[in-house]
Amino acid sequence: GAVVSQHPSRVICKSGTSVKIECRSLDFQATTMFWYRQFPKKSLMLMATSNEGSKATYEQGVEKDKFLINHASLTLSTLTVTSAHPEDSSFYICSAREAGKGVETQYFGPGTRLLVL
Amino acid sequence: DAKTTQPPSMDCAEGRAANLPCNHSTISGNEYVYWYRQIHSQGPQYIIHGLKNNETNEMASLIITEDRKSSTLILPHATLRDTAVYYCIVGGWGAQKLVFGQGTRLTINP
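Note that the structure is a prediction, hence the values are computed from the model and not measured.

J.: Before we go on, may I ask you to explain the sheet that holds strand β7 (residues 70–75) of chain B in this structure?
T.: What links the strands of a sheet is backbone hydrogen bonding, and the strands pair in either a parallel or an antiparallel sense. All names here are of chain B. Taken in spatial order, the four strands of this open sheet run β2-β7-β6-β5, and their pairing is antiparallel. Every interior strand has two partners, whereas the edge strands, β2 (18–23) and β5 (55–56), have only one. Here strand β6 (residues 61–64) pairs with β7 via four bridges, running antiparallel. Directly across from Ser 61, in β7, lies its bridge partner Ile 74.

J.: Whenever I open this one, the state of the cysteines confuses me. Can you help?
T.: Note on terminology: disulfide describes a covalent bond linking the sulfur atoms of two cysteines. Within this structure, the stated rule accounts for two disulfides over all chains. Through a disulfide, Cys 23 of chain A is tied to Cys 94 of chain A; the S-S separation comes to 2.0 Å. Between Cys 23 of chain A and Cys 94 of chain A the sulfur-sulfur dihedral comes to about 80 degrees; the bridge is accordingly right-handed. Of the two residues, Cys 23 of chain A is situated in strand β3 (residues 19–25) and Cys 94 of chain A in strand β9 (residues 90–97); the sequence distance between them amounts to 71 residues. There is no split in this pair, since Cys 23 of chain A and Cys 94 of chain A are both buried. A sulfur-sulfur separation of 2.1 Å characterises the disulfide bridge that pairs Cys 22 of chain B with Cys 88 of chain B. Between Cys 22 of chain B and Cys 88 of chain B the disulfide shows an S-S torsion of about -80 degrees. By sign, it is left-handed. With Cys 22 of chain B in strand β2 and Cys 88 of chain B in strand β8 (residues 84–92), this pair connects stretches of sequence that are 66 residues apart. An identical accessibility class is assigned to Cys 22 of chain B and Cys 88 of chain B; each is buried.

Rules used in this analysis
Residues numbered from 1 in each chain as written. Chains lettered and ligands numbered in written order. Predicted model: local features only at pLDDT ≥ 70, side-chain atom pairs only at ≥ 80, totals over all residues. Heavy atoms only, no water. Pairing = 2+ DSSP bridges. Helix = DSSP H or I, 4+ residues; strand = E, 2+ residues; numbered from the N terminus. Disulfide = S-S within 2.5 Å. Buried < 20%, exposed > 50% of the residue type's maximum accessible area, 1.4 Å probe, protein only.

Put into structure tokens, the structure is as follows:
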């Protein structure tokens, strides 16, 4: 199957700093990418949907100024957690899908574990 | 998108078939049933999907009832590596987003 990578796999940062997480589709062009977060022993919660070249669509309750999403190319989307606080500590997972393809072609990255001290 | 209901946890012996149920009584006519699983600290992995007919692939089988209000994912010969949280999701073929419920935590015991 197709591969989606994330970098870094884990990051520790100080409160108040910003952290950027990259999501790449390695062998296909992802016109749509999704960002999820997951707290321990909880399910994945969709944060936002981004389409290449346009602004991201955020789910209700997700602060767009805090979680900046950029999808500048067909193989790369970035999530920047601005002014991170300990409550932002979580497992962030991206997924990517090719245009015109079904949901079964939505592939997930391995996740990024963020710890804010 | 229709909502799904799954048991929170299940156990199965290694080598036996694992049957994971899912209720989706409000599914609409053009919505598919998708199954994903998430092994601890990894991203979700696609398993199988179906619309009306039963489906089988190298990972699993999917049995959908005739009224489409429920389905069962079958792992025919479970191994320890199948221990994971299994998510049943319903949505259109080109659905923009996958919304995950709580899933079933399946534990395969030696």
